[in-house]
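# Notes for the structure review
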Amino acid sequence: MSDSSFFGSGALERRTFLRVVGASAATASLVLAGCSDPAPEPTPTVQNQLLLGESDTGLLNYFYLLKQLEVAFYQKIVDTPPSNLVAGDKAAFDDLRDHGLAHRETLRFALGASTYETRLERPLAFDFSSIVLTSRVGVLTAAQQLEDLSVAAYAGALPLLVAPTTVALLAKIASVEARHAAFVRDLRTPGTFAGNDVVVNAGALQSVSLAKTPVQVVEEAKAFFLPFVVVTQSLPSA
Amino acid sequence: MNFLSLLDRLSTVDAPSAAAPRRDLLRQLGQAGARAAVAAVPLALALATPALAATTNTSLDATVLLLKLEDLLVALYTQALATVLANPAQAAVRPNFQLILQQQQGHAQFLRATLATAGLTPPTAPAFDFSGRRNNAANPELFPGVMSDYNAFLQLAQQLEDASASSYLGQIGFFASDKQLLSAVLRMQLVEARHASHLRTLRRTSPSPIAVKSWPSTADPAPSPAVLVPSPAGGSNAPVGIYSFEANETQRLGNNTVVPFPTVLTGANAVQFRSIAEAFDEPLPTAQATALLAIFG
């Protein structure tokens, strides 16, 4: 089989190829074996890979995954608050968790049967071993990281959506995320609500939100998804 | 309908639908060279053009609206830093407002450059009057003490920053065909939301604290005096406060399906009853955003 027919094969599209290049040597050999037969679609159950899908559905899955992470984080704090958390903090974390639930369930409902989870045997359990959940400063630091990351994720990926109605709905969520981020930053260090680490100049743009691509966001958050690896190659990039 | 939407309407009569989004704005803007000719179109013709009412705004109209909004916020903080925020009692928060002012100036600069680059003469900032007197001492003072009393200032600034975040949300639909400009507008909106959150945090932590959350909530004490805008019901209905829009608890998907919160937010997913409205910032429609700006300049 020639290279040209390999890439031209309708049965093995570019996205599928990208999906499998990161797989283990064993899987790679399966793919190579597949070259001798143009028909078979490689089985999509590559171990421990989270596939988000393409286009708007893929982006919705991306936002859904990030929101699941955020809610799981706040749920842990609400369930087992650090002993030095003060009363006002607890009420705020209740609010942050509840807003997150409303966002998460909106995204889940919008995805319907297209959630990435339909490809999993069981729901994802996020790994929080990389952060400190037992002190006020620990949870505020982590909350700031997650909220700032979320805002940058919306700033980077909202314009990639095709459907204007989806942009409009998610922008309403993103706006509240930005309020959360500023709130948590002010709680940690008053006056840092819009510091120059999160509000940037970019070319002609002045004082705009920091924006990150899905690749950058997933790279920063990858420890939370372990042992799973989130595959972002299928998402739109422009 | 306003001048720019008429302009766009005329320019699209024989133009192909926008295949290249970036060019779309440039095409609209390029038509600005025909300003004199278009301005000469008889009013009767404009009135006779069907279905022009209020729904035909373009990305240009939206840019002009957002520029006036940013000019208003620049004026608010410029005036306040020279008066109410010059009080030594506010020394600790003064740098916060200097930062916000600088960021608003950045937004205004970008929006002005966007218009200028493409051939329009950007409007100059009006002389904004935050007393509500419209620069006429004979008019009643709608917002007393804004530039002398810190709490009165914070209360108005909170409403204007919340309205700013909401006005951006109300305009993003007009940028759908220009992804670059859409991206810029979304990223400015997120900064406005951070400012709004901070103003609310300042009110909550001020020497005379007001128990507002950092996001609009039906639990917030209502501002008084409130910034009022025309009722979306129109006609002779009484004006409404900007937070009437934020009380919305219904979210819709693109196909107009309502997200069934009562069904999906139960059991382990149950939330406090105010959280559904709090979780979404709502757009301020163009008519209301325009009317709000007109209160001050």
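So, here's what we can say about the structure. Values in this document were obtained by computation on a predicted structure and should not be read as measured data.

### Considerations on the environment of A:E54
Residue and element names in this part refer to chain A.
- Structurally, the position occupied by E54 is in the loop between strand 1 (49-51) and helix 4 (55-79).
- Taking the relative accessible area as the measure of exposure, E54 reaches 35% and is therefore partly exposed.
- C-alpha separation for the pair E54 and L235, spaced 181 residues apart in sequence, amounts to 5.1 Å.

### Let's talk about the pattern of salt bridges
- Scanning all chains against the criterion turns up 22 salt bridges over all chains.
- When the shortest N-O distance is used, the salt bridge between A:R97 and A:D98 registers 2.7 Å.
- One salt bridge connects B:D281 with A:R179, and the closest N-O pair in it is separated by 2.7 Å. Linking B:D281 in the loop between helix 11 (275-278) and helix 12 (286-296) with A:R179 in helix 7 (residues 164-188), this pair reaches from one chain into another. With respect to burial, B:D281 and A:R179 carry one shared label: buried.
- Through salt bridges with shared partners, a single ionic network connects A:R179, B:D162, B:R200, B:D220 and B:D281.

### A word on helix 5 (residues 87-111) of chain A
- Taking 1.5 Å as the rise per residue, helix 5 of chain A with 25 residues should run 36 Å; its terminal C-alpha atoms sit 36 Å apart, in good agreement.
- Immediately downstream of helix 5 of chain A, the backbone of A:G112 shows phi near 60 degrees, a positive value.

### Let's talk about the interface of chain A and chain B
- With 54 residues of chain A at the contact, the number on the chain B side is 61 residues.
- Both sides together, the interface formed by chain A and chain B hides about 4,600 Å², and carbon and sulfur atoms give 65% of it.
- In terms of surface lost to chain B, no three residues of chain A exceed A:K172, A:R179 and A:F193, which account for 17% of the buried area on that side.
- The interface formed by chain A and chain B contains five salt bridges.
- Between A:K172 and B:E282 there is a salt bridge, and its shortest N-O distance comes to 2.9 Å.
- The interface formed by chain A and chain B holds 24 residue pairs in polar contact (both at pLDDT 80 or more) in total.
- Of all the secondary structure elements, the ones that give two or more residues to the side of chain A that touches chain B are helix 5, helix 6 (136-157), helix 7, strand 2 (199-202) and strand 3 (205-209) of chain A.
- No other element matches the 19 residues that helix 7 of chain A contributes to the side of chain A that touches chain B.
- Of the residues in the side of chain A that touches chain B, the class split is 34 nonpolar, ten polar and ten charged.

### Some thoughts on the environment of B:H195
- By the secondary structure assignment, B:H195 is in helix 8 (residues 179-205).
- Overall, B:H195 belongs to the buried group, its relative accessible area being 0%.
- B:H195 sits 33 residues away from B:D162 along the chain, and the two C-alpha atoms are 8.5 Å apart.
- For B:H195, the contacting residues outside a window of four places in its chain are A:F193, A:A194, B:I100, B:Q103, B:Q104 and B:E161.

Each value, and the rule that gives it
Residues numbered from 1 in each chain as written. Chains lettered and ligands numbered in written order. Predicted model: local features only at pLDDT ≥ 70, side-chain atom pairs only at ≥ 80, totals over all residues. Heavy atoms only, no water. Helix = DSSP H or I, 4+ residues; strand = E, 2+ residues; numbered from the N terminus. Buried < 20%, exposed > 50% of the residue type's maximum accessible area, 1.4 Å probe, protein only. Salt bridge = Lys/Arg side-chain N within 4 Å of Asp/Glu carboxyl O. Expected span 1.5 Å × (residues − 1). Contact = heavy atoms within 4.5 Å. Buried area = accessible area lost by both parts, 1.4 Å probe. Polar contact = N/O pair within 3.5 Å; in protein donor to acceptor, adjacent residues only side chain to side chain. Nonpolar A, V, L, I, M, F, W, Y, C, P; charged D, E, K, R; others polar.

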